[in-house]
Amino acid sequence: MRRLLAALVLPSLLTGALTACGDAGEARTAMTVRVLVRDINIRPAGVECAGTGPYTHFHNRSPFRVVDGAGRTLAEGALAPGRSVATFAEDLEVTRVPTYCEFAVPVDLAARDAYRLVVDGHPPVDLTPNDSEGPALVAVVPS
C-alpha cells in the first residue's frame, strides 16, 4: 500500500517542485508563456499541432525552461499540445487555411528584466511581455 501511495503522490510533488524554480522567498506572478511557431501549414484552425521542419522540437511534452537574462532557471515543465491559429485575420471561406502552431503554458515567475525560453535544449528564444490577452510572455519563432 505504501508503494502505491508513493507512486501516486511522488510524481505530483516532483512536478510542483520542478515548475517553480529560483529563490523561494520571491513574489511570483501567474502568467502564460505563448509561443507562435510560424510553420505555415494548411489545416483547420483550432486543431492540435506541433512544430515542423526545423521546429520539430516544439511538440506536446517537450521539456522547457524559462530562464532570466543570466540563464538562471525560473520555471520548467513540459509543453502542452499546440493549437493551430489562422495566419490571416480575413475569412478565406475554406475549411483549411494557412496556420501557425501556438503553444501556451501557464507559469509562475518572479519579476526579472529579461526572460528567455529554452525548449528541449535548443538555443534560447527571447520572450516579450504582452498583456493583450492577460499577463503573458510571448515569442514568435522564427522571429
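The structure presented is a predicted model; accordingly, all values stated were derived computationally and were not measured.

Q: Explain the environment of Pro-44 to me, and be specific about the residues and the numbers.
A: Assignment of secondary structure puts Pro-44 in the loop between strand S1 (28–43) and strand S2 (48–49). Taking C-alpha positions, Pro-44 is 6.0 Å from Val-97, a pair spaced 53 residues apart along the chain.

Q: Tell me about the sheet that holds strand S8 (residues 125–130), and please be specific about residues and values.
A: Spatially, S2-S5-S6-S1-S9-S8-S7-S3-S4 is the arrangement adopted by the 9 strands of the open sheet, whose pairing is mixed. Strands at the two margins of the open sheet, each flanked by one partner only, are S2 and strand S4 (73–78). For strand S5 (residues 82–86) and strand S6 (residues 97–110), the ladder comprises 4 bridges, and the chain directions are antiparallel. Within the sheet, the bridge partner assigned to Ser-84 lies in S6 and is Cys-101.

Q: Just give me the short version of the state of the cysteines, but keep the residues and values in it.
A: Overall, the coordinates contain 1 disulfide when judged by the stated rule. Residue Cys-49 pairs covalently with Cys-101 via a disulfide, S to S 2.1 Å. What sets the handedness of the Cys-49 and Cys-101 disulfide is the S-S torsion sign, and at about 100° it is right-handed. Here Cys-101 lies in strand S6 and Cys-49 lies in strand S2, a separation of 52 residues in the sequence.

Q: Account for the pattern of salt bridges, with residues named and values stated.
A: Between side chains of opposite charge, pairing is possible as soon as their charged atoms come close. Counted according to the given criterion, the structure contains 7 salt bridges. For Glu-102, the salt bridge is made with Arg-34, and the minimal N-O distance between the two is 3.1 Å. With Glu-102 in strand S6 and Arg-34 in strand S1, this residue pair connects regions lying 68 residues apart in the sequence. Note on Glu-102: relative accessible area 21%, which makes it partly exposed. Owing to a relative accessible area of 17%, Arg-34 belongs among the buried residues under this scheme. Arg-43 is the salt-bridge partner of Asp-39, the closest N and O atoms lying 3.1 Å from each other. An identical accessibility class is assigned to Asp-39 and Arg-43; each is buried. Residues joined in a network through salt bridges with shared partners are Glu-26, Asp-68, Arg-72 and Arg-112.

Q: Can you explain the nonpolar core? Please cite residues and give values.
A: One recurring pattern in soluble globular proteins is that nonpolar side chains are buried together. Counting residues in each nonpolar core, the largest one holds 24 residues, and the members touching the most others are Val-33, Phe-58, Phe-64, Val-66, Leu-109, Leu-117 and Leu-127. Only S1, strand S3 (63–68), S4, S6, strand S7 (115–119) and strand S9 (136–141) provide two or more residues apiece to this core. Ignoring sequence-local partners within four residues, the contact set of Phe-64 consists of Ala-75, Glu-76, Gly-77, Ala-78, Leu-79, Val-105, Val-107, Leu-117, Val-118 and Val-119.

Q: I'd love a proper account of the side chain of Asp-68, names of residues and values included.
A: Looking at the element boundaries, Asp-68 is found in strand S3. Asp-68 sits in the buried class, given a relative accessible area of 2%. Among the polar contacts made by the side chain of Asp-68, one reaches the main-chain amide nitrogen of Ala-70 at a distance of 3.0 Å. Polar side-chain contacts of Asp-68 include one of 3.3 Å to the side chain of Arg-112.

Q: Go over the environment of Gly-25 with me, naming the residues and quoting the values.
A: Residue placement: Gly-25 occurs in the loop between helix H1 (2–19) and S1. For Gly-25, a relative accessible area of 70% puts it in the exposed group.

Q: Tell me what's going on with the pairing of S5, and back it up with residues and numbers.
A: With 2 bridges connecting them, S2 and S5 associate as antiparallel partners. If you follow Glu-48 over to S5, its bridge partner there is Arg-83.

Cut-off values and rules
- Residues numbered from 1 in each chain as written.
- Predicted model: local features only at pLDDT ≥ 70, side-chain atom pairs only at ≥ 80, totals over all residues.
- Heavy atoms only, no water.
- Helix = DSSP H or I, 4+ residues; strand = E, 2+ residues; numbered from the N terminus.
- Pairing = 2+ DSSP bridges.
- Disulfide = S-S within 2.5 Å.
- Salt bridge = Lys/Arg side-chain N within 4 Å of Asp/Glu carboxyl O.
- Buried < 20%, exposed > 50% of the residue type's maximum accessible area, 1.4 Å probe, protein only.
- Core = buried A, V, L, I, M, F, W, Y, C linked by side-chain atoms within 4.5 Å.
- Contact = heavy atoms within 4.5 Å.
- Polar contact = N/O pair within 3.5 Å; in protein donor to acceptor, adjacent residues only side chain to side chain.

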